[in-house]
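The residues making up each chain are set out below.
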Amino acid sequence: MSTISRDEVARVAGLARIDLTSDELDRLAGELDVIVQSVARISEVATADVPATSHPLPMFNVFRADVPEPSLPVADVLAGAPASEEGRFMVPQILEED
Amino acid sequence: MSAESTDLTRLSAATLADKLTAGEVSSDEVTRAHLDRIAAVDPAVHAFLHICGRRALATARDVDARRAAGEELHPLAGVPIAVKDIIVTKGVPTTAGSRILEGWVPPYDATLVSKIKAARLPILGKTNMDEFAMGSSTEHSAFGPTHNPWDLDRIPGGSGGGSAAAVASYQAPLAIGTDTGGSIRQPGAVTGTVGVKPTYGSVSRYGLIALASSLDQAGPVTRTVLDSALLHELIGGHDPHDSTSIPEPLPPLVAAARQGALGDLTGVRVGVVTELNGDGYSDGVRARFSESLTLLQQAGAEIVEVSCPHFTYALGAYYLILPAEASSNLAKFDGMRFGLRVTPDGGDGLAATAERVMSATRGAGFGPEVKRRIILGTYALSAGYYDAYYGSAQKVRTLIQRDFAAAFEKADVLVSPTAPTTAFKLGEKLDDPLAMYLNDVATIPANLAGVPGMSVPNGLSDDGLPVGFQILAPAKADDRLYRVGAALEALLETRWGGPLLERAPELATAANSPVEATR
Amino acid sequence: MSISTHGPIDLIDYDEAVARFDPVFGIEVHVELGTKTKMFDSAPQVFGAEPNTAVSPTSLGLPGALPVVNGTAVEYAIRIGLALNCTIAETCRFARKNYFYPDVPKNFQTSQFDEPIAFDGYLDVELEDGTIFRVEIERAHMEEDAGKNTHVGGATGRIQGAEYSLVDYNRAGIPLVEIVTRPIEGGGARTPEIARAYVRSLRDIFRALEVSEARMERGNVRADVNLSLRATPESPLGTRSETKNVNSFRSVERAIRFEVSRQAALLAAGGVVVQETRHWHEDTGTTTAGRIKSDADDYRYFPEPDLLPIAPSREWVEEIRAGLPEMPVARRNRLQGDWAFADAEMRDVVNAGALDLIEATVAAGASPASARKWWMGELARVVKTTDGELEDLPITPVQVADLQGLVDSGALNDKLAKQVLEGVLAGEGSPQEVVTARGLGVVSDDGALLAAIDEALAAQPDVAEKIRGGKIAAVGSVVGGVMKATRGQADAGRVRALILEKLGVEG
Ligand SMILES: [Mg+2]
Ligand SMILES: [Zn+2]
C-alpha cells in the first residue's frame, strides 16, 4: 500500500527545486514508500523521554574573533560563474520578490 | 616500465618515507612510478576522475631539491597521495562525482589539503566516488563506476571506491576518503585495504563538500595500519574554520600503531557486538571474523560479548538524518553561482526564470540516487513531518550513544565484521536501494555516535574476495584502533606470510601512456 | 503565484476606519550589526565596496565552506536583548531556514528558530505627547543578511519585466538581529504613531548600545509591518498582511495608515483580507500584493549541523549587562535636568531627533538654550523643507557652537549669523571661513559708523529735532537708516549709543 502519493512527490520536488520526469515521479513514489515505511520503525523507541542528539560530541560556544581577513579576489569569485556582468553574478530573471 | 618503478609502488608509505629520508630514492622517482602505474592500470580500474601529473611531479622535484639542500621536511614529504573528489582542491577540478559540478575549479583548498601541501606530499589526482558520496558501490558516479582490483566485474565499495581501489591496485600508497556511513571502511573491507573513520571532529571538514554535516568525517585509506596512523596524524587536529573540530590534540596514533604491531594485547578488553554478527552476514565473513577473534585472544586480549540493542534502529535513523541534511547541503547546487546551468528549452513559451533554471539544472545535473535522497530528505523535513522523522531519528542517536557508552564500560574496543558480504557484482543491487543500504549496517552506528572506526583486512571469503574486520573505539580514543588494528594485522600477516593484497590477481596493464598526461 | 492589485484601490478614510475597526499590529525589525566581519566568516564588512569584493568561500556558499560564529556578534545580540528587557537564553542554537532565492548563496539562511538568544522582553516607547506605551517583545534572534539583486532591463530596475538580475554577495552573511514584537493591541487611532515611535526608539537604542550605526537610509535598520483589523478589541484577531521593507520612520507610519484604510475598505464591503506579503511603495504611499502565504513558506527548519549550541554563561551575561551604556530614556531625563528644558521643549527636541546634536553642541561650548534655539529653530525649518533628518544636514554641532560663539562675542548679530549659517549649509566652510569669505563681520569702526549716522541725521532733520526734544523713541528710525546704509553689518546697539551721544541726549 502506497502512503506517499505521486502528487506528494511532485509537491516535494517543487520544494526541492528539482524537475522530475513523469517516470521519475512514478518510480520515486514507490521507492520513497518502501524507505519511509522501513524507517518508520524508529518511532518504536524514539519516545518523548529521550532527548535528541544533533551533534555527536557535546561542545558549546565555539566563537571566532571579529578580525577581518582579505576577501577572495573578485576574479576568483566570478571564475566559476555560469555568467557574470560588471563584477556580479548574472542570473535569469527573478519572478517574485521574497 | 622499469622493474624498479614497479617495486616502488608496492612499498608502504612508511617504507617510502624512510627511503626518501635516507636518500635511497627521490620523490620524483616515486611519484613517476605511481603515475606510470596509474597510466597502466587505471584505464581498467577507473579509480581516478582527474590526474594531476604535472603538479605532482612539480611537488616531487621541489621536495627533492629541498631535501638536497638539507631542509627539515615532514616525514611523509614526497610520498604521493590521492584525494577523494569530494575534497576541495584549489585550481584542480572537484566534482564530487556529479555532473552538476563538472568543470568547477575551486578557488580555495580544504584544510586537510592545505596540510598535505604544507607537508609536501605530491597529489596524484582526485578519486572516483558515488555522486556526492551517496552510495556503497561507486556505481552512482556520474563519470562511470570504479572496478574492484580483485575482480574487475565487482564493485570496490562506496562511496570512496576510487580511493580504496587506487590504494589496492598500487596506484597510490595513501589516499583520503570520507565516511558518512561507512564510505571509508566498507570499501576498505571489499578491496583488502585499511580504512579509518576518525572521531567526528578529529579531521577538519572545512573544504569537504558536505553530504550529512553531522556524520561526515574524512580519514585515511592505506594498505597498512601504520600508514593510516601516519596520514591521520598529518591531516588531523584542530581547525578554527570548522566549528565542530575538536580543540584538543590527537592522541598519539603512530606510537599506538607501533606498539600494537608488537602483537601483545594483554589486558585489552575486546567487545563483540551481538547485533553486528548474526543474520545477514555471509558464512565466509563470519568464519574470518571468528578466526580473527581467536588471534586477538591468543595475543592476550579478553573477549567479551556486549549488546547494543538500539543498533538495529541505526539504519532507519541514518536514512532520515542523512537525506534531511543532504537535502539542505545540496541546495546550493542550483546553477546560479558555479557549475552546471541548464536553461529549459522554452518550448512551453515560458520565460527562463531563475526558478525554472534552478529546477532544470538540478533535474538534469543530479543522478537518480541523489534525487531520491534529496526528495526523501525534503519530505522528512517538510511541514508536519519534522518531529516524526528527523526529530525521532535524532533521538535514536541518543539511544545509540547510550549503547556505546554502556558497551565501552565493558570493553576497550568493540569489534564486528565491517561489511556483511564480499564485493557484489556491478549492477547487482543498483535497482534495490534498500539492499544497497544494508551494506552499511555495521558501519553506520559509529557515524551516528561520532566514535572512530577502522576496517582491517582479515582474510578472503570462500569466493576468494577480501573481507574486513571493524574495530570501534570511544570518541577521542582513536589510538585504541591503531593499537588493536596493528596487532591484528601483524598476527594475520605472520599467519599468511605476507600482506593479503599480495594474493590479489595481477592486473593487466595498458600500453604506456605519457606520464604527465592530465585528464 | 501572485495576484496583482495594480488596479484602483478603494480606501476608507483613516479616521472612519479606526472608528469602525480595532487595529492590531506587529513589527519585525532587522538591524545589521556593526561588526568588522560577517556573522559566520572573516570576510570584511564594508559599506559601499565594489561588488563581490567582501566575500569568502563561506559567504559565497561555496561547496565545502563552513560557518564559524562571530563572538562579537553574539555579544551585540545579548546587548540588544538586555536593553529590550529580554531573558537571555541559557542555551540557544542556529537553525537552517531553507528556501531557494538567488541572493541566498546556500539556498538556506542560517537563522534561529525555536531557540532564540533573547526572548520575553518589552520596550517602553514614549509618544509625542509624552504618553508611555509598552511594546512587548516576543524574541530577538541572530541571523545573516542576504546578498543584493539588481534587476536589469524592463522598467526602472523593478523586478517586474526585468530581463535578468545581477547579484552582489558583499552583504551576504552580515550579522543581523531580528526583533519580533508580540501583537500590539490597544493603540487605536494612534497605532501608526506608536509604530513609528517604536522603530525610532529601537534605532536610538542600537546607537546607544554601539551595536550598529543604525542608518535607516543605508538599510542598516529595516522593518516589516504586520497589520490586522478586528471589529472590537474583544473580537478574535483578524487576518493580517505583512508589508515588507518599510525603511524609514515616516514610512512605517504611512504604511500602517494605508493598510488600515485598505483593510477597512475590504472588510466594510464584506470582503476578506488575504494573508499575504505586501510591498511598500514610497512614491505613492501605497502597498501592493506580493505572494500569498503558501507552500513556499515550508522552510523545513532544522538545527544547523555545522554549528554548535551557544550557552552564554550567566557571568558573561551579567558582565555585558553591567557594561551597558545609559539607555536613551534615562539619558534623556538626565539631560533634561542638566539643561533645564521644559517637558514640552524636551519632547520636541527628542521628536525632532535633535538630542544628540544638542548634546554635542553643548559639549562644544554653546549654552543649552542657544543650542536648542539653532537646532529647533533655523535648522529645523531647513529640514522641514527637505523632508530629511537634522542629523543629515551638512553642518556639525561644533560648527553650530562656533557660530553661537561669534554671536556671543559680538562679532555677529542674529541677522548676520543666519547668513553665516546659510553659507555653512551651502558648503562654504566653517562659520569663521564664511564670515571672512562673505565679509559679514559686524562693522565696529566708529569712524565709518559716524559718517553713516551724519548722513542719516541729515536725511531726517525733523527726527533729530524730536530726539533732542526728548522723544528718544524716535531714535529707532535713524538706527534703521544706518543699518540699511551698512547692509546690516553694524551692531545696532552701538549705533544707537553713538546717535544719542552725537545729539547730546542721555539714553
Ligand atoms: Mg521574519
Ligand atoms: Zn529575518
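Please read these numbers as outputs of a predicted model, since none were measured by experiment.

### Some remarks on the overall build of chain A
Assigned secondary structure in chain A consists of 3 helices and 3 strands. In sequence order, the secondary structure elements of chain A are arranged as α-α-β-α-β-β. For 98 residues, the compact-globule estimate of 2.2 N^0.38 gives 13 Å, and the C-alpha radius of gyration of chain A, at 22 Å, exceeds that figure by more than 25%. Principal-axis analysis of the C-alpha atoms places the extent of chain A at approximately 55 × 45 × 25 Å. The proportion of buried residues among the 98 residues of chain A is 44%. For chain A, restricting intrachain contacts to residue pairs at least 6 apart in sequence, the fraction spanning at least 24 positions comes to 31%. For chain A, the accessible area works out to roughly 5000 Å², and carbon and sulfur atoms hold 56% of it.

### As for the UniProt feature "active site" (unreviewed entry) in chain B
Residue and element names in this part refer to chain B. Cross-referencing UniProt, the feature "active site" (unreviewed entry) maps to K84, S159 and S183 in the present numbering. Of the residues just listed, which span 100 residues, no C-alpha pair is farther apart than 11.0 Å, and they cluster in one region. Assignment of secondary structure puts K84 in strand 2 (residues 81-84). Not counting residues within four places of it along the chain, the set of residues in contact with K84 comprises K126, T127, M129, A133, S159, G160, S163, I176, G177, T178 and S183. Here S183 shows up in the loop between strand 4 (174-178) and helix 7 (185-191). Of note is the side chain of S183, whose polar atom sits 2.9 Å from the side chain of S159.

### A word on the nonpolar core
In terms of nonpolar packing, the biggest core is built from 180 residues, with I116, F132 and I176 of chain B touching the most fellow members. By residue number, the principal contributor to this core is helix 11 (residues 314-329) of chain B, which donates 10 residues. Core analysis: the next-biggest nonpolar cluster, separate from the first, contains 71 residues, V74, V125, L209 and A255 of chain C among them.

### Some details on the coordination of the zinc ion (ligand 2)
Residue and element names in this part refer to chain C. Around the zinc ion (ligand 2), the protein supplies H30 (NE2), E143 (OE) and E178 (OE) as donor atoms, at distances of 1.9 to 2.1 Å. In terms of primary sequence, the donors binding the zinc ion (ligand 2) are separated according to H-x112-E-x34-E. Residue classification places E143 among the buried residues on the basis of a relative accessible area of 3%.

### Focus on the interface of chain C and chain B
The partner chain B presents 37 residues to the 31 residues of chain C that form the contact. Of the roughly 2600 Å² buried where chain C meets chain B, counting both sides, 61% is carbon and sulfur surface. By the criterion of area lost to chain B, the three top residues of chain C are P63, L66 and R300 of chain C, representing 23% of everything that side buries. Summed over the shared surface of chain C and chain B, the number is 1 salt bridge. For the salt bridge of D306 of chain C with R205 of chain B, the shortest nitrogen-to-oxygen distance reads 2.9 Å.

### Let's talk about the coordination of the magnesium ion (ligand 1)
All names here are of chain C. Coordination sphere of the magnesium ion (ligand 1), protein contribution only: E28 (OE) and E178 (OE), at 2.5 to 2.6 Å. A separation of 3.9 Å is found between the magnesium ion (ligand 1) and the zinc ion (ligand 2), which are bridged by E178. Of this pair, E28 sits in strand 1 (residues 22-32) while E178 sits in strand 10 (residues 175-181), and the two are 150 residues apart along the sequence. Taking the relative accessible area as the measure of exposure, E28 reaches 17% and is therefore buried. Residue classification places E178 among the buried positions, given a relative accessible area of 9%.

### Structural notes on the sheet that holds strand 2 (residues 84-85) of chain A
If you walk across this open sheet you meet the 4 strands as 2(A)-3(A)-9(C)-8(C), and the pairing is antiparallel. Taken across any chain shown, the strands that pair with only one partner, and hence form the sheet edges, are strand 2 of chain A together with strand 8 (148-152) of chain C. As defined by bridge partners, strand 2 of chain A adjoins strand 3 (residues 88-92) of chain A across 2 bridges and the pair is classed as antiparallel. Each residue of the ladder has a partner; that of S84 of chain A, found in strand 3 of chain A, is F89 of chain A.

### With respect to the environment of N458 of chain B
All names here are of chain B. Within the fold, N458 resides in strand 10 (residues 453-460). You can call N458 buried: its relative accessible area is 2%. Spatially, the C-alpha atom of N458 lies 9.3 Å from that of E493, the residues being 35 residues apart in sequence. Side-chain polar atoms of N458 contact the side chain of S292, separated by 3.0 Å.

### So, the side chain of R373 of chain B
Residue and element names in this part refer to chain B. Here R373 is to be found in helix 13 (residues 368-381). Within the structure, the side chain of R373 is placed 2.7 Å from the side chain of E369, a separation counted as a polar contact. For R373, the residues in contact, after removing those within four places along its chain, are M134, G135, Y319, L322, P323 and Y437.

### Quick word on the layout of surface pockets
Over the atoms, a rolled probe matching the size of one water molecule traces out where space is still vacant. Residues and elements named next belong to chain C. Quantified by volume, the second largest pocket comes out at close to 910 Å³. Forming the walls of the second largest pocket are 38 residues, and the residues nearest its centre are R200, S201, D204, P328 and V350. Those elements that place two or more of their residues in the lining of the second largest pocket are strand 6 (118-126), helix 3 (191-209), helix 6 (328-339), helix 7 (343-351) and helix 8 (355-363). The biggest single contributor to the lining of the second largest pocket is helix 3, with 10 residues. Split by residue class, the lining of the second largest pocket holds 18 nonpolar, 4 polar and 16 charged. Both domains that furnish three or more residues to the lining of the second largest pocket are identified here as domain 1 (14-317) and domain 2 (341-438).

### Some thoughts on the pattern of salt bridges
Residue and element names in this part refer to chain B. By the definition in use, this model includes 68 salt bridges over all chains. In this structure, the salt-bridge partner of D62 is R66, at a minimum N-O distance of 3.0 Å. With D62 and R66 both in helix 4 (residues 53-68), this residue pair falls 4 residues apart, about one helical turn.

### Details of the packing of helix 10 (residues 397-408) of chain C against helix 11 (residues 414-425) of chain C
All names here are of chain C. Direction vectors running N to C along helix 10 and helix 11 enclose 155°, while the axes themselves pass 10 Å from each other. Taken together, the axes of helix 10 and helix 11 lie roughly antiparallel to each other. Considering the relative orientation of helix 10 and helix 11, their crossing is right-handed. Facing helix 10, whose interface residues are Q399, L403 and V407, helix 11 presents D414, A417, V420, L421 and V424. A class-by-class count of the residues in the contact of helix 10 with helix 11 yields 6 nonpolar, 1 polar and 1 charged.

### Concerning the interface of chain B and chain A
Contact with chain B, which involves 65 residues of that partner, is made by 53 residues of chain A. Of the roughly 4800 Å² buried between chain B and chain A, counting both surfaces, carbon and sulfur atoms make up 68%. Three residues, Y313, I375 and K395 of chain B, lead the burial of chain B against chain A; their summed loss comes to 14% of the area buried on that side. Where chain B meets chain A, there are 3 salt bridges. In this structure, E24 of chain A and K371 of chain B form a salt bridge, with 2.7 Å as the shortest nitrogen-oxygen distance. In this assembly, chain B and chain A are joined by 16 residue pairs in polar contact (both at pLDDT 80 or more).

### What to know about unusual backbone geometry
At the junction of G158 of chain B and S159 of chain B, the peptide bond is cis and its omega measures out at 10° in the coordinates. Following the sequence through the fold, S159 of chain B ends up in the loop between strand 3 (123-127) and helix 6 (161-168). Within the chain, A133 of chain B stands out as a residue other than glycine whose phi angle is a positive 70°. Mapped onto the elements, A133 of chain B comes out in the loop between strand 3 and helix 6. Positive phi, close to 60°, is recorded for N85 of chain C, a residue that is not glycine. Residue placement: N85 of chain C occurs in the loop between helix 2 (71-83) and strand 3 (87-88).

The rules behind the values
- Residues numbered from 1 in each chain as written.
- Chains lettered and ligands numbered in written order.
- Predicted model: local features only at pLDDT ≥ 70, side-chain atom pairs only at ≥ 80, totals over all residues.
- Heavy atoms only, no water.
- Helix = DSSP H or I, 4+ residues; strand = E, 2+ residues; numbered from the N terminus.
- Rg over C-alpha atoms; globule rule 2.2 N^0.38 Å.
- Buried < 20%, exposed > 50% of the residue type's maximum accessible area, 1.4 Å probe, protein only.
- Contact = heavy atoms within 4.5 Å.
- Areas by Shrake-Rupley, 256 points an atom, 1.4 Å probe, with all protein chains shown as cover.
- UniProt positions renumbered as here; feature names shortened; annotations may be inferred.
- Polar contact = N/O pair within 3.5 Å; in protein donor to acceptor, adjacent residues only side chain to side chain.
- Core = buried A, V, L, I, M, F, W, Y, C linked by side-chain atoms within 4.5 Å.
- Donors = N, O, S within 2.8 Å, 3.2 Å for Na, K, Ca; no water.
- Buried area = accessible area lost by both parts, 1.4 Å probe.
- Salt bridge = Lys/Arg side-chain N within 4 Å of Asp/Glu carboxyl O.
- Pairing = 2+ DSSP bridges.
- 1 Å grid on protein atoms, 1.4 Å probe; cavity = no way out; pocket = protein on both sides within 12 Å on 5 of 7 lines; lining within 4 Å.
- Points joined across faces, edges and corners; volume = space filled by probe spheres on them.
- Nonpolar A, V, L, I, M, F, W, Y, C, P; charged D, E, K, R; others polar.
- Domains from an automatic or database assignment.
- Axes fitted to C-alpha atoms, helices over the stretch in contact; angles between N-to-C directions.
- Parallel < 35°, antiparallel > 145°, perpendicular 65-115°, else oblique.
- Left-handed = near helix turned anticlockwise from the far one by under 90°.

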